[in-house]
Amino acid sequence: MTQPLPDVACLRPRQQMAMECAHCARYLGAKGRVLGDVRHLGLPFRLWVCAPDCRTVGSTVPNA
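Residues numbered from 1 in each chain as written. Predicted model: local features only at pLDDT ≥ 70, side-chain atom pairs only at ≥ 80, totals over all residues. Heavy atoms only, no water.

Chemist: Residues and numbers for the side chain of Glu20, please.
Modeler: Mapped onto the secondary structure, Glu20 falls in the loop between helix H1 (13-16) and strand S1 (33-40). Reaching out from Glu20, the side chain makes a polar contact with the side chain of Arg14 at a distance of 3.0 Å. The contact partners of Glu20, leaving out residues within four places of it in the chain, are Arg12, Arg14, Gln15, Ala25, Arg26, Tyr27, Leu28 and Trp48. (Helix = DSSP H or I, 4+ residues; strand = E, 2+ residues; numbered from the N terminus. Polar contact = N/O pair within 3.5 Å; in protein donor to acceptor, adjacent residues only side chain to side chain. Contact = heavy atoms within 4.5 Å.)

Written as structure tokens, this is what we have:
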């Protein structure tokens, strides 16, 4: 069973733009891999992760 994709609304802009891992927020560089495609507010987003074993799931935005 695959894990659900992170909520795009809870990701930081750099995670939404595939500059940082959608799970752990580490810089991706050239080592990223596609996690999946989602739609948010009618717009398509392709989420990327840093490594196949990256398991940190959830928002990286601190709770206000």
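Chemist: Explain unusual backbone geometry to me, using residue names and the numbers behind them.
Modeler: A positive phi angle, close to 70°, is found at Ala25, a residue other than glycine. Assignment of secondary structure puts Ala25 in the loop between H1 and S1. The residue Leu41 is not glycine, and still its phi comes out positive at about 55°. Summarising the element assignment, Leu41 is placed in the loop between S1 and strand S2 (43-49).

Chemist: Can you lay out the pairing of S2 for me, pointing to particular residues and giving the numbers?
Modeler: Relative to S2, S1 is paired through seven bridges, and the arrangement is antiparallel. Its bridge partner lying in S2, Val34 is registered against Trp48. Count of turn residues in the S1/S2 antiparallel hairpin: two residues, of which Leu41 carries a positive phi of about 55°. (Pairing = 2+ DSSP bridges.)

Chemist: How would you explain the state of the cysteines if you had to name every residue and give the values?
Modeler: Per the stated rule, a full pass over the model turns up zero disulfides. Looking at the unpaired Cys50, the closest cysteine sulfur is the one in Cys24, lying at 3.6 Å. Its relative accessible area of 9% is what places Cys50 among the buried residues. (Disulfide = S-S within 2.5 Å. Buried < 20%, exposed > 50% of the residue type's maximum accessible area, 1.4 Å probe, protein only.)

Chemist: Can you explain the pattern of salt bridges? Please cite residues and give values.
Modeler: By the definition in use, this model includes three salt bridges. Among the ionic pairs, Arg14 bridges to Glu20, the shortest N-O distance being 3.0 Å. Classification of Glu20 by relative accessible area gives buried; the value is 8%. The partner of Arg46 in a salt bridge is Asp37, with the nearest N and O atoms 2.7 Å apart. On the accessibility criterion, Arg46 (43% relative accessible area) is partly exposed. (Salt bridge = Lys/Arg side-chain N within 4 Å of Asp/Glu carboxyl O.)

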